[in-house]
Structure formats: structure tokens, C-alpha cells
Amino acid sequence: MDAAALRIRFLDQVNNCPWPYALLLSLGVLTFARFTFKTLVVFLQTFILSGTNLKKFGAKKGAWAVVTGASDGIGREFAIQLGSAGFNVLLVARNSKMLNDVAVEIATRTKSAVETKIYLIDFTQNDDLKYNDLKALLQTLDIGVLVNNVGKSHTMPTYFAETMEQENADIVAINVNATIRITHAVLPGMVQRKRGLILNLGSFAGLVPSPMLATYSGTKAFLATFTSALADEVRSHGIVVQHLNTYFVVSKMSNIRRTSALIPSPASYVRACLSKIGFSCGAALTGRPDTLTAFWSHALVDYAMHVVGLKTQFIVYTHSLHKDIRRRALRKLEREAKKE
Ligand SMILES: NC(=O)c1ccc[n+]([C@@H]2O[C@H](COP(=O)([O-])OP(=O)(O)OC[C@H]3O[C@@H](n4cnc5c(N)ncnc54)[C@H](OP(=O)(O)O)[C@@H]3O)[C@@H](O)[C@H]2O)c1
């Protein structure tokens, strides 16, 4: 049957039974239009448009940025780039020498135009005195930006039943408790000033449940949901809360040293995040309005995963990947033990 005959047959059927066909046709057109529009948003936000200017959150006006886990990796870069953008920076982590180095780097890059402070804390201790001390310090500062960056994963992929209790407790203390407590300490000031930006460092492990990293994966999923709930509570106060959905980045935690198209340096990754504030980029297709998948290749992966669907298959793939990583990690440990 040629195209003209097909068209005539289709129109005949529409005329004979217009209501169901019209409904199906409208649904099809609406779905296609919605998909096309969201795809356009993903590409425009990821590759062309610029996000909210950091001046909205007090850059160059004496406001502070607080960065947890600021001594290394992604947190170190957030601290440096927020300093360069004109925020005073409060650096939070355990290693005072490394935090001092970050403070010196910020002073050098900004020609001492911004101030820095250091607060030493080990989040695994859940120490109320240290938290109260930090809260008192936070209340003295005009905080424009909070980056809840500190994070811990499992030493290597391991089945949950075999994971050390202490490791699970530390992951929850760092990834969940620290975020809740510091956000709670900072938020009243932001509400009062009617401005603020809170960034919570998430992971694709929170998007795709990750067998053999169950506790880490669960804490990152918590951050995504916590962010969405909080974002809506404080939107009317001029406060932006975003969950940064992150694939791999070169760092000590990822144990990856070389950059590639899929794995940026912390500097490139943070630059992408800070230039896309208020957007969703790769997460625009997924209906997660307060999640931002900022780095271009991470955005494309997020987009593609949602076009493909098949979440179960991603979980199965992640499981087999983690089995393989564990096998290789154990072999490496064996080799090292033999050398000693
Ligand atoms: N790198 C990736 O591929 C990747 C992917 C997805 C998500 N993420 C997320 O990105 C965030 C940063 O990761 P990263 O790769 O930059 O990690 P990283 O290079 O290992 O840095 C971790 C930072 O957290 C601090 N820290 C660790 N344990 C701490 C504790 N008990 N108390 C206080 N501070 C502590 C460390 O400083 P001290 O040792 O000085 O305390 C360091 O500054 C994490 O939330 C991670 O889950 C990373």
C-alpha cells in the first residue's frame, strides 16, 4: 500500500471513529512536543545559556562562602573559585596544613581581596561541642553560599552484609548528618537576608541504586530528595538550593588521576557548576527541577539514561561493574601484601 492510500485509510478511520483517534493523536503530539521542548532545554542550558550570576548571592559585597571538605578535590576547587568570584571563604575539613594551602592559594589568586577562615572538624565524630562551636561562628558571618561538599564512599565495593559497621556509620555521619546540621545552622541567616545559595554534592550513585555501595548510594539519594524538599520551602525567601548530580571527577575519592571527556578535573567540573546555577542542564528531561547535572558530558549521560529508561538494566550493569572493581582491588591488595 503506498503512502497516499495509507493516508486515505487513516482519514477514513478517523472519520468513522474520530474520538479515540483524536485522543491518541493529541497524546502523541503532546508527548512529542514535551520531549522536544525538554531536549531543547537540556541542550540550551548545557551548551549555550549562563546561569544565575553569583553577585545575586553576595559576591563582591562582603558575603561568605562556606565549603565543607575544602582541603582537597572538588571542595578545594569550590573554595578557590568562589574566592576568585569575590566571596570570603570559610574552609572546613580536618587537615589544617592542606586547608592553609588552600587559603594561601585564594589569597594569591585574589591578591588578598577576600578573607579566609579555617574551621577544623572531623564529621565522623558527631561531636556536639564542635558543631555548636561551628554554628556560633556561622552565625557571626553573612553567608551567601554554602557548599555541602564533604563526602565519603566505601573503601571498595562490598556487599552490605559484609560492610564494616563503622564504615556505614562514618558515611552517614559525613554525607547526611553534616549536611543537615550545617544547613540548619546557616539557613536562618539566609532567610533573614532573603538571599542564599546551597549546593549539595550528589552523585549518579544516588540516581542509579548502586549494589555493593549501598550505604553511599542511599545517602546520595537522600541528598537529592532532601534538596528538592528544602528548595521548595525556601524558594520564596530568595534562596536557591540545588543538588549537583555528579558522574566521575578526578580526585582522591574517585581514585582516578587522568581526565577524559567523561571525567573532568575538579577545576573544570566546578567551573561548569558555578556557571549553571539555577538550571537543570542534563537533569531537565527528568522532572527533577532542583537537580543540576552541569558538566556537559555528565549532562549528556543523564539525558541519555532518561531517554533509554531501563533503570533495572543500569542497576544490573552497575552491580557487575562493582564486582569487577572489587575483584581488581582485592588482587591489588594481594600483590602489595606479597611485596611486603
Ligand atoms: N570524585 C568523584 O568522582 C565524585 C563523583 C560523585 C560525587 N562526588 C562527591 O563529591 C564530593 C567531593 O568528593 P571528592 O572526590 O572531591 O573527594 P576528596 O578529593 O576525597 O575530598 C574529600 C574532602 O572531604 C574532607 N573530609 C573527608 N572526611 C572528612 C571528615 N571525616 N571530616 C571532615 N572532612 C572530611 C577531606 O578533607 P580532610 O581529609 O582534610 O578532612 C577532603 O577535603 C563528595 O561528596 C563526593 O561524594 C565525587
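Residues numbered from 1 in each chain as written. Predicted model: local features only at pLDDT ≥ 70, side-chain atom pairs only at ≥ 80, totals over all residues. Heavy atoms only, no water.

Student: Could you clarify how one ought to interpret the site of the ligand in this entry?
Tutor: The immediate surroundings of the ligand are formed by 30 residues, with S71, R94, N149, Y216 and S251 found nearest. Between an oxygen atom of the ligand and a side-chain N or O atom of Y216, the distance comes to 2.7 Å. In the environment of the ligand, an oxygen atom lies 3.5 Å from a nitrogen or oxygen atom belonging to the backbone of M253. Here the ligand, which alone exposes 890 Å², has 93% of that area covered by the protein. Tallied by class, the residues present in the shell around the ligand amount to 13 nonpolar, 12 polar and five charged. (Near = heavy atom within 4 Å. Polar contact = N/O pair within 3.5 Å; in protein donor to acceptor, adjacent residues only side chain to side chain. Areas by Shrake-Rupley, 256 points an atom, 1.4 Å probe, with all protein chains shown as cover. Nonpolar A, V, L, I, M, F, W, Y, C, P; charged D, E, K, R; others polar.)

Student: Help me understand a positive patch on the surface in this model?
Tutor: Among the surface-exposed residues, R257, R331, K332, R335 and K339 lie close enough to one another that they form a single positively charged patch. Secondary-structure assignment places K339 in helix α11 (residues 311-339). For K339, a relative accessible area of 73% corresponds to the exposed category. (Patch = residues over 30% accessible without salt bridge, like charges linked within 9 Å, V, L, I, M, F, W, Y side chains within 5 Å. Salt bridge = Lys/Arg side-chain N within 4 Å of Asp/Glu carboxyl O. Lys, Arg positive; Asp, Glu negative; His and termini not counted. Charge placed at Lys NZ, Arg CZ, Asp CG, Glu CD. Helix = DSSP H or I, 4+ residues; strand = E, 2+ residues; numbered from the N terminus. Buried < 20%, exposed > 50% of the residue type's maximum accessible area, 1.4 Å probe, protein only.)

Student: Any chance you could explain unusual backbone geometry here in plain terms?
Tutor: Note on backbone geometry: most residues besides glycine have negative phi, and most peptide bonds are trans. For K60, which is not glycine, the phi torsion reads 65° and is therefore positive. Relative to the assigned elements, K60 resides in the loop between α2 (18-47) and β1 (64-68). With relative accessibility at 62%, the residue K60 sits in the exposed group. Residue K111 is not a glycine yet carries a positive backbone phi of 50°. Tracing the sequence through the fold places K111 in the loop between α4 (96-110) and β3 (116-120). A relative accessible area of 74% places K111 in the exposed class.

Student: What am I meant to see in the sheet that holds strand β7 (residues 291-292) here?
Tutor: Consider a sheet: its strands pair through backbone hydrogen bonds, and that pairing is either parallel or antiparallel. Overall, parallel pairing links the seven strands, which are arranged β3-β2-β1-β4-β5-β6-β7 in an open sheet. Edge positions in the sheet fall to β3 and β7, since each has one partner strand and no second. Where strand β5 (residues 196-201) and strand β6 (residues 239-244) come together, six bridges link them in parallel fashion. Bridge pairing links G196 to I239 in β6. (Pairing = 2+ DSSP bridges.)

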